[in-house]
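Survey of secondary and tertiary structure
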Amino acid sequence: MTDTLILQQGSSWRAQAEVFDEIFFVFLALGTLIGTIVVAYTLWNVYKYRDDGGEPKEDFDAPEVGELPTGQGGPKAKKLFLSFGLSAIVVISLVVYAYGILLYVEEGPDANGDNIEIMVEGYQYGWDYEYPNGHTETGEMIVPADTRIDISVTSRDVWHNFGSSELRIKSDAIPGDTNTNWFSVSSEEVQAQGGEATYRVECFELCGPGHSAMKGQITVIPQDEWEEWYEGTGGNSSNVEGGASVGGAASINGAAIGGVSA
């Protein structure tokens, strides 16, 4: 497991979206740097050893077709082994870094019992969400900020795939099988979206003629607002035809929550 000092600072967690964005940035930055060095070195050698029509210098060791460095200490052999050594260091470092940080994505942060487990069930063509107290929502999952949300994904009919591109989560929804995943949204992100963060949910598995309309929404609200809403559910169900509408609005205990009516 990756050291918690790297991925967890105090009580704050790294969301999956943040982790994948960091991996992408590291590979992009390092690839750009190395690519720039390699291209620049190649162009410099092209210019330095260009054919100017004159006689080559006596000490010029021209390469021959099919020639391989012998490893006897010549300049070409040194350059080759130096490049191999540097490449190995870079590649091994990236593998260790990526493997360690992806372990965090696979296992998730230590929630210390404060996580919330939600059952996600797909059907043609929508999503049902069942909370620990038995309350169910159709179309919209309402969760608190700064909390690890564990989801168990399944299907009641055909294969689906529950995912949110913005949260970087995807899980197959297979009849008779359950796949687990997790996500977390910080309170800073919620405040940045005006006190309520919304994320589109889509099905990423072709599941029938209504596949393209199989959408939903994850709504993240502050912890205190969510606790007030959750206490009022009492195991009741909230159903909306056709799933959630990302542009819609609803009222939860007098508070405006985008999506569906709770």
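Just so we're clear, the structure is a prediction, and the values are computed from it rather than from any experiment. Along each chain, residues carry numbers from 1 onward, in the same order as the chain's sequence is written. With pLDDT at 70 or above as the cut-off, local features in this predicted model cover only qualifying residues; side-chain atom pairs require 80 or more to be listed or tallied, and sums for whole chains, interfaces and linings still use all residues. Note: side-chain values were computed over all heavy atoms of the structure, leaving out hydrogens and water.

It is worth spelling out the packing of aromatic side chains at this point. Working definition: rings of Phe, Tyr and Trp (its six-membered ring) pair if their centres are within 6.5 Å, and the pair is stacked with planes under 30 degrees apart, edge-to-face with planes over 60 apart, and tilted otherwise. Evaluated as defined, the whole model comprises eight aromatic pairs. When the ring of Trp226 is compared with that of Tyr230, the centres are 4.6 Å apart and the planes differ by 15°; the resulting orientation is stacked. A residue pair is termed a helical-turn pair when its members lie 3 or 4 positions apart in one helix, as Trp226 and Tyr230 do in helix α5 (residues 223-231) at four residues. Taking relative accessible area as the criterion, Tyr230 reaches 19% and is therefore assigned buried. A run of H or I in DSSP becomes a helix once it reaches four residues, and a run of E becomes a strand once it reaches two; helices and strands are each numbered from the N terminus. Burial classification: accessible surface area is computed with a 1.4 Å probe over protein chains only, and a residue below 20% of its type maximum counts as buried, one above 50% as exposed, and the rest as partly exposed.

Our focus in this paragraph is α5. Along α5, the residues classified as buried are Trp226, Trp229 and Tyr230. Viewed along the axis of α5, the buried residues span an arc of 95°, placing them on a single side of the element. Away from its buried face, by an angle of more than 90 degrees, α5 presents the exposed residues Asp224 and Glu231. The arc refers to the directions leading from the helix axis to the C-beta atoms.

Going from Gln124 to Tyr125, the amide bond is cis rather than trans, its omega being 5°. Phi at Asp146 is positive, roughly 55°, even though this residue is not glycine. Its location among the elements puts Asp146 in the loop between β6 (140-144) and β7 (149-155). The phi dihedral of Arg168 falls on the positive side, at around 60°, and the residue is not glycine. Inspection of the secondary structure puts Arg168 in the loop between β8 (160-164) and β9 (169-173).

Two pairing modes exist for strands in a sheet, parallel and antiparallel, and in both the strands are linked by backbone hydrogen bonds. In this analysis, strands are considered paired if DSSP registers two or more bridges between them. Taken together, five strands build an open sheet; the order of strands is β6-β12-β11-β8-β9 and the sheet is mixed. Only two strands of the sheet have a single partner each, and these edge strands are β6 and β9. Each neighbouring strand pair of the sheet contributes to a mean axis angle of 20°, computed without reference to strand direction. Running over the sheet, α5 touches β6 and β12 (215-221) and is turned about 125° from β6. Axes here refer to lines fitted to C-alpha atoms; in helices the fit is confined to the stretch in contact. Angles between the N-to-C directions go from 0 to 180 degrees. Whether two residues touch is decided by their heavy atoms; if any such pair falls within 4.5 Å, the residues are in contact.

Let us look at a negative patch on the surface. What goes into a patch is any residue over 30% in relative accessible area without a salt bridge, connected to like charges within 9 Å or, for nonpolar side chains (Val, Leu, Ile, Met, Phe, Trp, Tyr), within 5 Å. Where accessible areas are quoted, they stem from the Shrake-Rupley method and a 1.4 Å probe; at the residue level, only the protein chains shown are allowed to cover. Any carboxyl oxygen of Asp or Glu that lies within 4 Å of a side-chain nitrogen of Lys or Arg is treated as forming a salt bridge with it. Think of it this way: Lys and Arg go in the positive column, Asp and Glu in the negative one, and His and the chain ends go nowhere. Where a charge sits is defined by one atom per residue type, namely NZ (Lys), CZ (Arg), CG (Asp) or CD (Glu). On the surface, Asp224, Glu225, Glu227, Glu228 and Glu231 cluster together to form a negatively charged patch. Counting through the fold element by element, Asp224 comes out in helix α5.

Counting 32 residues, the largest nonpolar core has Trp127, Met141, Ile151, Phe162, Phe183, Ile218 and Val220 as the members making the most contacts within it. Of all elements in the fold, only β3 (116-123), β4 (126-130), β6, β7, β9, β11 (197-203), β12 and α5 reach the threshold of two or more residues within this core. The element best represented in this core is β11, accounting for four residues. Nonpolar cores were defined as sets of buried Ala, Val, Leu, Ile, Met, Phe, Trp, Tyr and Cys residues, with membership established by side-chain atoms within 4.5 Å. Counting six residues, the second-largest nonpolar core is a separate cluster that includes Val19, Tyr104, Val105 and Trp182.

Moving on, we come to the environment of Ala15. Within the secondary structure, Ala15 is located in the loop between β2 (12-13) and α2 (16-48). Each C-alpha atom of the pair Ala15 and Ser184 lies 5.3 Å from the other, and the pair is 169 residues apart in sequence.

Turning to the pairing of β7, a few remarks are in order. Where a strand is regular, its side chains alternate between the two sheet faces. Burial analysis of β7 places six of its seven residues in the buried class, which makes it a mostly covered element. As defined by bridge partners, β7 adjoins strand β10 (residues 179-183) across five bridges and the pair is classed as antiparallel. Bridged to Ile149 within β10 is Phe183.

What follows deals with the confidence of the model for the protein. The pLDDT averaged across the protein works out to 78; a share of 74% of its residues lies at or above 70. In this model, residues 1-11 is a region of pLDDT below 50 whose contacts with residues beyond four sequence positions or in other chains number 18 contacts. Note on scores: pLDDT gives the predictor's confidence for each residue, bounded by 0 and 100. Throughout residues 239-262 the model reports pLDDT below 50, and contacts reaching past four residues in sequence, or to other chains, amount to 56 contacts.

Bringing the UniProt feature "transmembrane region" (unreviewed entry) in the protein into the picture now. According to UniProt, the positions carrying the feature "transmembrane region" (unreviewed entry) are residues 23-44 and 80-105. In this annotation, residues 23-44 is assigned 100% helix and 0% strand; the end-to-end C-alpha distance for the span is 31 Å. Along residues 80-105 one finds 100% helix and 0% strand; the C-alpha atoms at either end are 37 Å apart. UniProt positions are given in the numbering used here, feature names are shortened, and annotations may be inferred rather than shown by experiment.

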